Amino acid sequence: MKWIQRLGLWSVRHPWWVAVASIALLLGPASPLLDRLDRLAWDLTARATQGVRDRSVVADEQLIITIDEASLQALGRWPWPRALHAELIDRLAASGARAIGYDILFSDAGALADDRRLAEAIRHSGRVVLPVAPFEPLAGRGLRAGLPLPELQAGAGGLVHVDTEIDGDGLVRRLHLQAGLGERCWETLALAVWRVADPGAAGQVHGPDPLTRPDTLTSPCTRSGGNPTAWSRHQERLQPLHQVEVPRLSALQLLRDPQAATAVSGRIIWVGVTAHGL
């Protein structure tokens, strides 16, 4: 019951929280204003309760590899051949990446030789996490999971969902640690990459708000029952608002500049498309 005592003391110190809660009760559950008040309450709560963190350390542990306009102009238009993705993964692995979150879907077969080349690069690294995405093959027939090719799954460090909920003001305040179809579900990208980078530490994840203790999330992610054609989210977690500016490196620079590989060593790597219109 200690958390209740903490919540009571915190409410006395921050009376605005009580005012927001009272207004929310009066408005009822289906009000746009209530949604805004809900976001405001969380923002103020997060700022009031989060401790001081060394954000530079968090940023220095990560690196974003951007497939940007310059990369597309120099290396070819999108989609890239799988052999080029394989070259990128090989370079990251050889440069000492701790984990690689590769946020690009490879659910359709490409050129056979290129698919084999990519599968080998993923297998050789053993640290590449690949996304799963829901899609609707036929209108009204429900959703299916868009999985990477079987040969790519075989060598991957994990399969993940990349489903993110964006609030009305354009900010992301929450993520779902698990999501999926029916009995099949997958961890969120960030958590799975964390597991690959640091298997021991990733067994503990924080609860839904700053006042709760950490809880344990089992792996692999499994659930029982549920509609096999309906996408569902589970284990919502609200996120702190502090911003961390993660360094970025163009895919072109990584592949063309031998010195650029030094920025990868010992870091968690996120690979994604940032070019406009894709």
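Relevant structure appears above.
Before going into details, it helps to say that this report is about the structure given with it. (Residues numbered from 1 in each chain as written. Predicted model: local features only at pLDDT ≥ 70, side-chain atom pairs only at ≥ 80, totals over all residues. Heavy atoms only, no water.)

Examining the overall build of the protein chain
Okay, so step 1: For the protein chain, the helix and strand inventory stands at ten helices and twelve strands.
Okay, so step 2: Looking at the protein chain as a whole, 39% of its 278 residues are labelled buried.
Okay, so step 3: A sequence separation of at least 24 residues applies to 75% of the contacts in the protein chain between residues at least 6 apart. (Helix = DSSP H or I, 4+ residues; strand = E, 2+ residues; numbered from the N terminus. Buried < 20%, exposed > 50% of the residue type's maximum accessible area, 1.4 Å probe, protein only. Contact = heavy atoms within 4.5 Å.)

Thoughts on unusual backbone geometry
Okay, so step 1: Cis geometry marks the peptide bond from Trp78 to Pro79; its omega dihedral reads 0°.
Okay, so step 2: Examined against the element boundaries, Pro79 turns out to sit in the loop between α5 (69-75) and α6 (82-94).

What about the pattern of salt bridges?
If the charged atoms of two oppositely charged side chains come close together, the side chains can form a pair.
Okay, so step 1: Tallying each qualifying case throughout the model produces six salt bridges.
Okay, so step 2: Residue Arg82 pairs with Asp115 through a salt bridge whose shortest N-O separation is 2.8 Å. With a gap of 33 residues between them, Arg82 in helix α6 and Asp115 in helix α7 (residues 112-125) connect regions that are remote in the sequence.
Okay, so step 3: Here Glu236 ties to Arg174 by a salt bridge, and the two come within 3.6 Å at their closest N and O atoms. Taken together, the positions of Glu236 in strand β10 (residues 231-238) and Arg174 in strand β6 (residues 174-181) put the pair 62 residues apart, joining distant regions of the chain.
Okay, so step 4: Owing to a relative accessible area of 13%, Arg174 belongs among the buried residues under this scheme. (Salt bridge = Lys/Arg side-chain N within 4 Å of Asp/Glu carboxyl O.)

Digging into the packing of α6 against α7
Okay, so step 1: Close contact between α6 and α7 brings their axes to 8 Å; oriented N to C, the two are set at 15°. In terms of orientation, α6 and α7 fall into the roughly parallel class. Seen from above, α6 lies across α7 with left-handed handedness. Residues Arg82, Ala83, His85, Ala86, Glu87, Ile89, Asp90 and Ala93 of α6 lie in contact with α7, whose contacting residues are Asp114, Asp115, Arg117, Leu118, Ala121, Ile122 and Ser125.
Okay, so step 2: The class makeup of the residues in the contact of α6 with α7 is seven nonpolar, two polar and six charged. (Axes fitted to C-alpha atoms, helices over the stretch in contact; angles between N-to-C directions. Parallel < 35°, antiparallel > 145°, perpendicular 65-115°, else oblique. Left-handed = near helix turned anticlockwise from the far one by under 90°. Nonpolar A, V, L, I, M, F, W, Y, C, P; charged D, E, K, R; others polar.)

Description of the environment of Arg127
Okay, so step 1: Among the structural elements, Arg127 can be located in the loop between α7 and β3 (128-135).
Okay, so step 2: Of the residues examined, Arg127 reaches a relative accessible area of 33% and is grouped as partly exposed.
Okay, so step 3: Taking C-alpha positions, Arg127 is 7.2 Å from Arg98, a pair spaced 29 residues apart along the chain.
Okay, so step 4: Once you skip the residues sitting within four places of it in the chain, Arg127 turns out to touch Ala97, Arg98, Ala99, Ile100, Val196 and Ala197.
Okay, so step 5: In terms of polar contacts, Arg127 uses its side chain to reach the backbone carbonyl oxygen of Val196, at 3.2 Å. (Polar contact = N/O pair within 3.5 Å; in protein donor to acceptor, adjacent residues only side chain to side chain.)

Digging into α7
Owing to its 3.6 residues per turn, the α-helix brings residues three or four apart onto one side.
Okay, so step 1: Taking 1.5 Å per residue as the helical rise, α7 with its 14 residues ought to reach 20 Å, and the 20 Å between its terminal C-alpha atoms agrees with that figure.
Okay, so step 2: Every buried residue of α7 is listed here: Asp115, Leu118, Ala119, Ala121, Ile122 and Ser125. Seen along its axis, α7 keeps its buried residues to an arc of 160°; they face one direction. Along α7, exposed side chains directed more than 90 degrees from the buried face belong to Leu112, Ala113, Arg116 and His124.
Okay, so step 3: In the stretch just after α7, Gly126 is the one whose phi turns positive, near 70°. (Expected span 1.5 Å × (residues − 1). Arc of directions from axis to C-beta.)

Some thoughts on the pairing of strand β1 (residues 62-67)
Okay, so step 1: Extensive coverage of β1 is indicated by the burial of five of its six residues.
Okay, so step 2: Pairing of β1 with strand β12 (residues 268-273), which is carried by six bridges, proceeds in the parallel orientation. Within the sheet, the bridge partner assigned to Gln62 lies in β12 and is Ile268.
Okay, so step 3: In this structure, β1 lies alongside strand β11 (residues 248-250), joined through three bridges in parallel fashion. By the bridge assignment for β11, Thr66 is matched with Ser250. (Pairing = 2+ DSSP bridges.)

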